[in-house]
Amino acid sequence: MRQVVITPLPWQLCLLAWLCGLFAWEFPVPAGLACLVSAFAFARGRWLAACMVAAFVLGLALEMPRSGDGAAGWNVEARVSGIVREVRTHPGRRVTIVASDVVRADTGAAKPGLLAWTWIDPPTLPEVGQGFTARLRIRELRGRHNFGLSSNEEYWSRQGVRHRAFSRGRADVRWEDGGRSLRSRLLEAVERHAPEGQGGAVVRALLFGDRFDLEPAFMDRIRRAGLSHSLALSGMHLALVAGLGMVLARGVARVRPGLLLVFPRQKLGILLSLPLVLGYMWLGGFTPSLLRAALMLSALALHLLRGVRTHPQDTLFAAVAALVVADHDMARDVGLQLSVLAVAGIVLFMPHFSGPLESLRQRGRAGRWAYGLLTMGAVTVCANLFILPVQALYFFETPVHLWLNLLWLPVLGMAVMPLSFLGLFAVFVSGEAAQLCFFLAGLGVDALDRGLAALDAAGVLRAAAVLRPEGVAVVGYWAVLLAASALLGRSRLAPKAMAVLGLGLLLMTAPSVRDELGLGGEAVELTVLDTGMSQAVSIRGPSGRMLLVDGAGGWSADYDPGRALVAPALAWGRPPRLDGVVLSHVDSDHSRGLLYILESFEVGNFAWSGLVDRSEDSRRLQKLLAKGLWPVRGVRAGDRIDIEPGLWLDVLHPAVAERGPSANETSVVLRLVWQGRGLVLLPGDAEQRALDSVLLSGADVSAEVLVLPHHGSRSSLKRGLYEQVGAAWAVAACGPDNRFGFPHPEVVQACEGAGSPVLTTAACGAVRFRWDGDGPVRVRCARHGPAGAPDALCPARLSCMPPLEQHNPRSGQ
């Protein structure tokens, strides 16, 4: 078998080192290890190693954290004017408008940075470059910050966006007059002729990247089936369009065979593909995903036109260099990362499949069909091998139904997309012909939707929740794949490849070995997660047992913080398993996110008060509990929930006699105790009556940390509670600039008067409290400011730059 892993050229190794340097500020250990493994595997000579070090340092310097522009952020509701810079459509009739030159109409003040304006169900979509005047509630953009998770605030800030706004339905907006662009008129023409439902919506998504009318439920089934990539304009779609050029070349060769004497068929196909690719990029709005795919295809086409026989590895490196050297922020684009890794997997492993499959092509039509399907399956496996850890890290889930790609992609490539393009061309000639083409294309989509709905109804359409690997393990995984590709097909083992394989296995298992040996030390950790205007608290014992109190939630039907935030945070570096779950009450901001976790995680037991209400969340929870998937326990005051030996939760409320619907006043109130030491009081959303009941019961409420009841609401203000608890710290789970004003200033003043400084997840991100033996509680915050400085919204007394840890003098230090 021919050699697959080709030693990268010196400039390619330097490019790898430079990319590692770009990520070194955020992920110092994995980035440094990746650079060292690359040098160990491929670098020959000290001069090349020195060049790699220089490239790493250069990347490090380019990404050095910088302070902000110093301009004060806006938190106002005002009439503003601006210009539409970009329009992004999303499923569920949602659109994000990126606006520039935003100016207040009353004062003439210019807003710093760009504005990300989310609009649900707008009556019309604006044009890029169109001016507007609107009354908007503009807030500084503050993302959720949790340990082990990236924040959308970082994503937007790299694009210059500093503020956000939100509208729904018909808003107070006035658009400047302007003609519709040709692309918009084409989109409207296709919309008139395409069928209603998801068939027509997918046609528009494939032609224009317009996802506006895709239903969230349909897209959720597509996601769980592992087919999301097929509906997002990317290299796969561009390759299909380029393939039409090859088909045209075959047709031209039949009509004018003499043309092949001037242009060989392969070069002719590339030349005919060029206008098709450019046209498709224009239809798709020249999105970043299409641009990077076009650049990668262009690098390959350039080699073919020059007649240069080159290894695909060189083409991949050339395309990546062209993309990231021009704009190094592109290296953080998740789509680019997945595309490059998928191609790398195909380059490294597909040659091992090609040889055995080649013989099928000589066995007639049936053999060629088998060859095509098996090749498609092999490509899918090779691509997914390399993207697996990144997919798990970013999305927490991995699809288990990759076989569906073998059914859907041929239909997409040979029927849905060609018919969609025919319909687009027919719009200029015959409306009836366009309708027929779009209808036939929609039939394939409708068949897919019905099939996925049937699988979903049978309970088998589910993506697997997986461990989100730490960076060290990811580097080890790729080292193992690289060594495996080098070793496959060799008649004898190569010492260097075996050494890389061993090193990769060591790195892959290092985090698990660390946890099993308890090298992190015996400690109790409690983390108040940053989930906006909701609450979720995780508790981790000295032996690693994990318990979750509440699962966050919200009022939006399209956004589930349980799936988006809580579950990924809990699964960072550990399997998706909880030894126990406790629900304080069934209000949506505490329970809705818990439903996903209960369905996706391995759960040891579930505890709650047993009180319900008439909400849909309550009905869903009862239906889930009725399945008997894990032991369910009703708890009341006086009960104890054991986490592990020496660590437990005392239940202080509700009383045994409490009846009626679940509400704030019937919240389960808990006190975390370790070896007799009161660590944390967790009152849920308890208000005055419930807090009075706890205090009058005579129960011990002393604790070193108080999670403020009801997010710091004034309705839960209880000065006597703060004095009796005697906490070193108080923390409120709340969103930035929330409309409720949580935590209420009177609550903050009363807590600080009792000696309990108040932290908020809005200002500090997730807040983690840690107890090591008899030492005082230590505090870490997930949010950090530029260049290691404290975040502007975080209390000055608490630096939020991990891993700095602060102590309150009241806690004993």
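Residues numbered from 1 in each chain as written. Predicted model: local features only at pLDDT ≥ 70, side-chain atom pairs only at ≥ 80, totals over all residues. Heavy atoms only, no water.

> Please clarify how the overall build of the protein chain should be interpreted in this entry.
A tally of helices and strands in the protein chain yields 24 helices and 25 strands. For 813 residues, the compact-globule formula gives about 28 Å, and the C-alpha radius of gyration of the protein chain, at 29 Å, lands near that figure. The dimensions of the protein chain, computed from C-alpha atoms along their principal axes, are 100 × 70 × 55 Å. Here the protein chain holds 813 residues, and 51% of them are scored as buried. Across the protein chain, every contact between residues at least 6 apart in sequence was considered, and the portion connecting residues at least 24 apart equals 70%. (Helix = DSSP H or I, 4+ residues; strand = E, 2+ residues; numbered from the N terminus. Rg over C-alpha atoms; globule rule 2.2 N^0.38 Å. Buried < 20%, exposed > 50% of the residue type's maximum accessible area, 1.4 Å probe, protein only. Contact = heavy atoms within 4.5 Å.)

> Which parts of the structure should I look at to understand the sheet that holds strand 15 (residues 606-608)?
The strands that make up a sheet pair up through hydrogen bonds in the backbone, lying either parallel or antiparallel. Sheet architecture is open: 8 strands sit in the order 16-15-13-11-10-9-24-25, paired in mixed fashion. Each having just a single partner strand, strand 16 (632-634) and strand 25 (778-781) make up the two edges of the open sheet. The mean inter-strand angle of the sheet, taken between neighbouring strand axes irrespective of direction, is 20°. Strand direction decides the pairing type here: strand 13 (residues 580-582) and strand 15, joined by 2 bridges, are parallel. The partner of Val 581 across the bridge, within strand 15, is Phe 606. (Pairing = 2+ DSSP bridges. Axes fitted to C-alpha atoms, helices over the stretch in contact; angles between N-to-C directions.)

> Explain the side chain of Asn 146 to me, please; I cannot follow it from the model alone.
In this fold, Asn 146 is placed in the loop between strand 4 (131-140) and helix 4 (152-157). Of the polar contacts made by the side chain of Asn 146, one reaches the backbone nitrogen of Asp 530; its length is 2.8 Å. In contact with Asn 146, not counting residues within four places along its chain, are Leu 529, Asp 530, Leu 565, Ala 766 and Ala 782. (Polar contact = N/O pair within 3.5 Å; in protein donor to acceptor, adjacent residues only side chain to side chain.)

> Would you mind showing me how to read the sheet that holds strand 20 (residues 677-682) here?
Within the open sheet, the 7 strands sit side by side as 17-18-19-20-21-22-23. Their pairing is mixed. Of all strands in the sheet, those with a lone pairing partner are strand 17 (640-644) and strand 23 (758-760), marking the two edges. Each strand of the sheet is rotated relative to its neighbour by a mean of 20°, with strand direction disregarded. Strand direction decides the pairing type here: strand 19 (residues 669-674) and strand 20, joined by 5 bridges, are antiparallel. Bridge pairing in strand 20 places Leu 670 opposite Leu 682.

> Even after reading the chapter, I still don't get unusual backbone geometry, so can you show me in this structure?
Note that the residue after His 653, namely Pro 654, is joined by a cis bond; omega there is 5°. For Pro 654, the position within the fold is in the loop between strand 18 (647-653) and strand 19. Note that the residue after Phe 742, namely Pro 743, is joined by a cis bond; omega there is -10°. As for its position among the elements, Pro 743 is in the loop between strand 22 (729-732) and helix 23 (745-753). In this structure, Phe 396 takes a positive phi of about 70° despite not being glycine. Summarising the element assignment, Phe 396 is placed in the loop between helix 13 (364-395) and strand 7 (397-398). Even without being a glycine, Gln 675 presents a positive backbone phi close to 50°. Turning to its location among the elements, Gln 675 is positioned in the loop between strand 19 and strand 20.

> Explain the pattern of salt bridges here, please?
Any two side chains of opposite charge can pair, on the condition that their charged atoms come close. Applying the stated criterion across every chain yields a total of 35 salt bridges. The salt bridge partner of Glu 127 is Arg 180, with a shortest N-O separation of 3.5 Å. Residue Glu 127 is found in the loop between strand 3 (114-120) and strand 4, and its partner Arg 180 is found in the loop between strand 6 (173-175) and helix 5 (182-193); the two are separated by 53 residues along the sequence. Note on Arg 180: relative accessible area 32%, which makes it partly exposed. One salt-bridge network, in which partners are shared between bridges, spans Glu 26, Glu 63, Arg 158, Asp 329 and Arg 332. (Salt bridge = Lys/Arg side-chain N within 4 Å of Asp/Glu carboxyl O.)

> Looking at this structure, how should I read a nonpolar patch on the surface?
Nonpolar side chains collect at one region of the surface, where Leu 182, Trp 282, Phe 286 and Leu 291 lie side by side and expose about 360 Å² of accessible area between them. In this structure, Leu 291 sits in helix 10 (residues 288-306). According to the relative accessible area criterion, Leu 291 is partly exposed, its value standing at 40%. (Patch = residues over 30% accessible without salt bridge, like charges linked within 9 Å, V, L, I, M, F, W, Y side chains within 5 Å. Areas by Shrake-Rupley, 256 points an atom, 1.4 Å probe, with all protein chains shown as cover.)

> How should I be thinking about helix 3 (residues 46-62) in this particular structure?
Turn by turn, an α-helix covers 3.6 residues, leaving residues three or four places apart pointing in a common direction. With 17 residues, helix 3 should cover 24 Å at 1.5 Å per step; its first-to-last C-alpha distance of 24 Å lies within 8% of that length. What helix 3 keeps buried is the set Leu 48, Met 52, Ala 55, Phe 56 and Gly 59. For helix 3, the arc enclosing every buried residue in end-on projection is 100°, short of the 170-degree limit, so these residues lie on one face. Residues of helix 3 that are exposed and point over 90 degrees away from its buried face: Arg 46, Trp 47 and Val 53. Packing partners of the buried residues in helix 3 comprise helix 1 (10-23) and helix 2 (28-42). (Expected span 1.5 Å × (residues − 1). Arc of directions from axis to C-beta.)

> In this structure, what is going on with the packing of aromatic side chains? I would like to understand it.
Note on aromatic pairs: each is described by the distance of the centres and the angle between the planes. Applying the stated criterion across every chain, the model contains 14 aromatic pairs. Each ring, one from Trp 117 and one from Trp 119, has its centre 5.2 Å from the other, and the planes form 10°; the classification is stacked. The residues Trp 117 and Trp 119 share a single accessibility class, namely buried. Summarising the aromatic geometry, the rings of Trp 117 and Trp 175 are spaced 6.1 Å apart at their centres and angled 20° between planes, so their arrangement reads as stacked. Taken together, the positions of Trp 117 in strand 3 and Trp 175 in strand 6 put the pair 58 residues apart, joining distant regions of the chain. Residue Trp 117 shares its accessibility class with Trp 175, and that shared class is buried. (Phe/Tyr/Trp six-rings, centres within 6.5 Å; stacked < 30°, edge-to-face > 60°.)

> Looking at this structure, how should I read the nonpolar core?
One broad rule of soluble globular proteins: the nonpolar side chains tend to lie buried together. Counting 62 residues, the largest nonpolar core has Leu 15, Trp 18, Leu 19, Val 320, Val 324 and Phe 386 as the members making the most contacts within it. Not counting residues within four places of it along the chain, the set of residues in contact with Leu 19 comprises Val 320, Val 324 and Ala 331. Residues Ala 189, Ala 225, Leu 412 and Phe 438 belong to the second largest nonpolar core, which totals 48 residues. (Core = buried A, V, L, I, M, F, W, Y, C linked by side-chain atoms within 4.5 Å.)

> Please clarify how the confidence of the model for the protein chain should be interpreted in this entry.
Caution applies to low-pLDDT parts of the model: their predicted coordinates are not meant to be read in detail. Across the protein chain, pLDDT averages 87, with 93% of residues at or above 70. Low confidence marks residues 785-813, where pLDDT is under 50. Its contacts with residues over four positions away, or in another chain, come to 71 contacts. (pLDDT = per-residue confidence, 0-100.)

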